[in-house]
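Take a look at the letters that make up each chain.
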Amino acid sequence: MASTYTPIATTTLSSSQSTVTFSSISGSYTDLVVVCSMLATSGTPGPTFKLNNDSSSLYSETTVNGNGSTTYSGRNSNASLMSLYWTAGLNTTDPRVLTIHFQNYANTSVYKTMLSRFSFPSGEVGAFAYLYRSTSAINRIDFSVPTSTYAVGSTFTLYGILSA
Amino acid sequence: MTPMLGIMASQISGHLSIPAYESISTVTVSTAVSSISFTSIPATYKHLQIRGIGKPTAAGGQELYFTLNGDTTSNYYSHQLYGNGASAVAASYGTTSNAYITYWSGSEFGSFVCDILDYSNTNKNTTTRALGGHDLNGSGYILLRSGLWMNTSAVSTINLFLSSGNFAQYSQLALYGIKG
């Protein structure tokens, strides 16, 4: 039987680095899913991601989240990056976990729409809807920590889902 | 929402088979249609998952609904938490004739992932959960929804439709089965 849910690549950091990249992503799947568990080496930086090494202002996002006492909803428009968290960033001890769904990522007739769910027990839980206003197939994803680095042990796994 | 199963992560390139997650059927819209149905769903899986993108042909915001096994009576409940970029809002829909999945706009494609849990268990009513929404670069919604179908029958048919209008060209919904 043809594989439906396929692990494409995994990165588990053995040394700190500021960016983790999945590149040369095959366009043969229907959806992509990324699962992350992240720590920072210092501070509480806000992690981000971008697509196809594109830093133009083609990204936007809408979020809903809560931190145990307050709920939030916000958005960013015409952005050069997409956020992975909203009010809280990474820290050095408690992993931040999230799943991002890239639906129809290789469809060149539509802009790219994505969804994520994120959480960490001591701070925040929520979700995002994203839009990348490009019809290009997604072939590269860069996860970055602009003011710090990802710590040893941070993991990023890319899956491909193939529909019938 | 990823399936609740052990998923291998490997540095090995190529195609490692994960037989617990199988593609059942996919519908890709070439000409606008008013509804999309998955029929004759086998009872051999533990859970179902629907993944997709879509855009209504009607202008403005539209709800994406579903009914199960052709049941259009008042047998559904839904709850939600959503954000519209300004406020986080909780709401519920009781005894409706369909369940709520997500909220889309005729201006741009949105997406969703919906789990139908323990769908073939005839000892309990059927529950669903969905993550979905859309962003329009200045507006949009992100929604977390749960649904209840007050019927213990195994789910064999899923019918998806919008509150108004049709699914536009390039909309695509795919049904997957998760073994347990």
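For the structure given in this document, a descriptive report is provided here.

### Overview of the overall build of chain A
So, point 1. A tally of regular secondary structure across chain A gives 0 helices and 12 strands.
So, point 2. A globule of 164 residues ought to have a C-alpha radius of gyration of about 15 Å, and chain A, at 15 Å, matches this closely.
So, point 3. Principal axes of the C-alpha set define a box for chain A whose edges measure 40 × 35 × 30 Å.
So, point 4. Among the 164 residues that make up chain A, the fraction classed as buried is 56%.
So, point 5. Partitioning the intrachain contacts of chain A with sequence separation of at least 6 by distance along the chain shows that 74% fall at a separation of at least 24.
So, point 6. Of the roughly 5,700 Å² of accessible surface on chain A, 48% is carried by carbon and sulfur atoms.
So, point 7. Between the centroid of the 7 positive side chains of chain A and the centroid of its 6 negative side chains there is a distance of 5 Å.

### A closer look at the overall build of chain B
So, point 1. A count of helices and strands for chain B gives 0 helices and 12 strands.
So, point 2. Counting from the amino terminus, helix and strand elements in chain B follow one another as β-β-β-β-β-β-β-β-β-β-β-β.
So, point 3. For 180 residues, the compact-globule estimate of 2.2 N^0.38 gives 16 Å, and the C-alpha radius of gyration of chain B, at 16 Å, lies within 12% of that figure.
So, point 4. By principal-axis analysis of the C-alpha atoms, chain B measures approximately 40 × 40 × 35 Å.
So, point 5. Residues classed as buried in chain B amount to 47% of the 180 residues present.
So, point 6. Residue pairs in contact within chain B that sit at least 24 positions apart in sequence constitute 75% of those at least 6 positions apart.
So, point 7. Of the roughly 7,000 Å² of accessible surface on chain B, a fraction of 49% belongs to carbon and sulfur atoms.
So, point 8. Side chains of chain B give 7 positive and 7 negative charges; the mean places of these two sets differ by 6 Å.

### Some remarks on the interface of chain B and chain A
So, point 1. With 52 residues of chain B at the interface, the matching set in chain A holds 54 residues.
So, point 2. Carbon and sulfur atoms supply 58% of the area buried between chain B and chain A, which totals about 4,000 Å² over both sides.
So, point 3. Between chain B and chain A we count 1 salt bridge in total.
So, point 4. Here Asp31(A) makes a salt bridge to Arg51(B), at a shortest N to O gap of 2.8 Å.
So, point 5. Counting across the interface, chain B meets chain A through 21 residue pairs in polar contact (both at pLDDT 80 or more).
So, point 6. Secondary-structure elements contributing two or more residues to the side of chain B that touches chain A are β1 (21-28), β3 (47-54), β5 (76-83), β8 (110-117), β9 (126-135), β10 (140-149) and β12 (172-178) of chain B.

### Things to note about the nonpolar core
So, point 1. Ranked by size, the top nonpolar core spans 35 residues in total, and within it Phe49(A), Leu51(A), Leu84(A), Phe102(A), Ile141(A), Phe143(A) and Tyr150(A) carry the most contacts.
So, point 2. Elements with a contribution of two residues or more to this core: β2 (19-22), β3 (31-38), β4 (48-51), β8 (96-102), β9 (112-120), β10 (124-132), β11 (141-144) and β12 (155-161) of chain A.
So, point 3. Top element by residues in this core is β3(A). It accounts for 4 residues.
So, point 4. Sequence-distant contacts of Leu84(A), defined by excluding residues within four places in its chain, comprise Met38(A), Pro47(A), Thr48(A), Phe49(A), Leu98(A), Ile100(A), Phe118(A), Phe128(A), Tyr130(A), Phe143(A) and Tyr150(A).
So, point 5. Formed by 27 residues, the second largest nonpolar core is a distinct cluster that contains Phe66(B), Ile101(B), Ala130(B) and Leu175(B).

### Observations regarding the pairing of β9(A)
Residues and elements named next belong to chain A.
So, point 1. With respect to burial, β9 is a largely interior element, 7 of its 9 residues being buried.
So, point 2. Examined bridge by bridge, β8 and β9 share 6 bridges and lie antiparallel to one another. Each residue of the ladder has a partner; that of Phe102, found in β9, is Met114.
So, point 3. Looking at chain direction, β9 and β10 are connected through 9 bridges and run antiparallel. Looking at β10, one finds that Arg117 is bridged to Ala127.
So, point 4. As consecutive antiparallel partners, β9 and β10 are separated by 3 residues.

### Description of the pattern of salt bridges
All names here are of chain B.
So, point 1. Applying the stated rule across the entire model yields 7 salt bridges over all chains.
So, point 2. Here Asp118 ties to Lys124 by a salt bridge, and the two come within 2.7 Å at their closest N and O atoms.
So, point 3. Residue classification places Asp118 among the buried residues on the basis of a relative accessible area of 10%.
So, point 4. Linked by salt bridges that have partners in common, Lys46, Asp118 and Lys124 make up one network.

### Overview of the environment of Leu117(B)
All names here are of chain B.
So, point 1. Mapping Leu117 onto the fold places it in strand β8.
So, point 2. Accessibility expressed as a relative area gives 26% for Leu117, which makes it partly exposed.
So, point 3. It is 6.5 Å that separates the C-alpha atoms of Leu117 and Leu48, two residues lying 69 residues apart in sequence.
So, point 4. Beyond its immediate chain neighbours, meaning those up to four positions away, Leu117 contacts Lys46, His47, Thr126, Thr127 and Arg129.

Conventions adopted
Residues numbered from 1 in each chain as written. Chains lettered and ligands numbered in written order. Predicted model: local features only at pLDDT ≥ 70, side-chain atom pairs only at ≥ 80, totals over all residues. Heavy atoms only, no water. Helix = DSSP H or I, 4+ residues; strand = E, 2+ residues; numbered from the N terminus. Rg over C-alpha atoms; globule rule 2.2 N^0.38 Å. Buried < 20%, exposed > 50% of the residue type's maximum accessible area, 1.4 Å probe, protein only. Contact = heavy atoms within 4.5 Å. Areas by Shrake-Rupley, 256 points an atom, 1.4 Å probe, with all protein chains shown as cover. Lys, Arg positive; Asp, Glu negative; His and termini not counted. Charge placed at Lys NZ, Arg CZ, Asp CG, Glu CD. Buried area = accessible area lost by both parts, 1.4 Å probe. Salt bridge = Lys/Arg side-chain N within 4 Å of Asp/Glu carboxyl O. Polar contact = N/O pair within 3.5 Å; in protein donor to acceptor, adjacent residues only side chain to side chain. Core = buried A, V, L, I, M, F, W, Y, C linked by side-chain atoms within 4.5 Å. Pairing = 2+ DSSP bridges.

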